Amino acid sequence: LRSNIQLAATLMNLGSQLTFLSDGDPLPLAGHLGAAYQPLPPWNLALEMVVPRGNSPSVRMGAEWTPLPLFSWRVGFHSDTLSGLSPLAGFTTGIGLHWRGQEFSYAWAPMGDLGDSQYFSILCRFGEAATQEKRNLIQYKSNSARKEPKTPTKEATPEYEQLYDLLNSGKD
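Residues numbered from 1 in each chain as written. Predicted model: local features only at pLDDT ≥ 70, side-chain atom pairs only at ≥ 80, totals over all residues. Heavy atoms only, no water.

A. Summary view of the packing of aromatic side chains. On inspection of all chains with the given rule, the structure shows 4 aromatic pairs. Relative to Trp 108, the ring of Phe 91 lies with its centre 6.3 Å away and its plane at 70 degrees, an arrangement referred to as edge-to-face. One end of the pair, Phe 91, is in strand E8 (residues 91-99); the other, Trp 108, is in strand E9 (residues 102-110), and 17 residues separate them in sequence. A centroid spacing of 5.1 Å and a plane angle of 45 degrees characterise the contact between Tyr 106 and Phe 120, whose relative ring orientation is tilted. A residue pair is termed long-range when its members are at least 10 positions apart, and Tyr 106 in strand E9 and Phe 120 in strand E10 (residues 116-123) qualify at 14 residues. A connected cluster of aromatic rings, assembled from ring pairs, spans Phe 104, Tyr 106 and Phe 120. (Phe/Tyr/Trp six-rings, centres within 6.5 Å; stacked < 30°, edge-to-face > 60°. Helix = DSSP H or I, 4+ residues; strand = E, 2+ residues; numbered from the N terminus.)

Right, dumping it as structure tokens:
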């Protein structure tokens, strides 16, 4: 596939039934097929089909626009709304704020007579992925270009090695 297309498939809740005392119920088994497409760098499009066991399939779709590296606007629609609600009940929208590899997200979803739902989330990344920023190539080049003298002198050796030598010189 092209690098701007991603596909995924999952099977959720595969396993034995839930039991309480002598009663048992099967897990809500569902298959998910998803695709994401990035037509241009500031745009992401997603489509997912959910096929639950014993219920009718549903479709979920969404789009994300990132006009600035710090801000994303998102819209979506899902067809698995409760019966009797208006089509607007499947509409969702939200924003994402990105800063130094971390993300704060907010989403709004109308639920018809049940009112509106507000979702907040914070995504914290740790380790190398969170610190992948552009390397200062000028500093990197000057550091990598430095060469140590072939015969180390006392002035060329680092201070910690000089201290180590001084501390160990009295032990002989």
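This is not the end of the story, as more comes after the structure.
B. Local environment of the pattern of salt bridges. What the rule picks out here adds up to 3 salt bridges. Between Arg 60 and Glu 48 there is a salt bridge, with its nearest N and O atoms 3.8 Å apart. Of this pair, Arg 60 sits in strand E6 (residues 58-68) while Glu 48 sits in strand E5 (residues 43-52); the two residues are 12 residues apart in sequence, bridging distant segments of the chain. Glu 64 is the partner of Arg 74 in a salt bridge, and the nearest nitrogen-oxygen pair spans 2.8 Å. With Arg 74 in strand E7 (residues 71-78) and Glu 64 in strand E6, this pair connects stretches of sequence that are 10 residues apart. A single salt-bridge network, built from bridges that share partners, covers Glu 64, Arg 74 and Glu 103. (Salt bridge = Lys/Arg side-chain N within 4 Å of Asp/Glu carboxyl O.)

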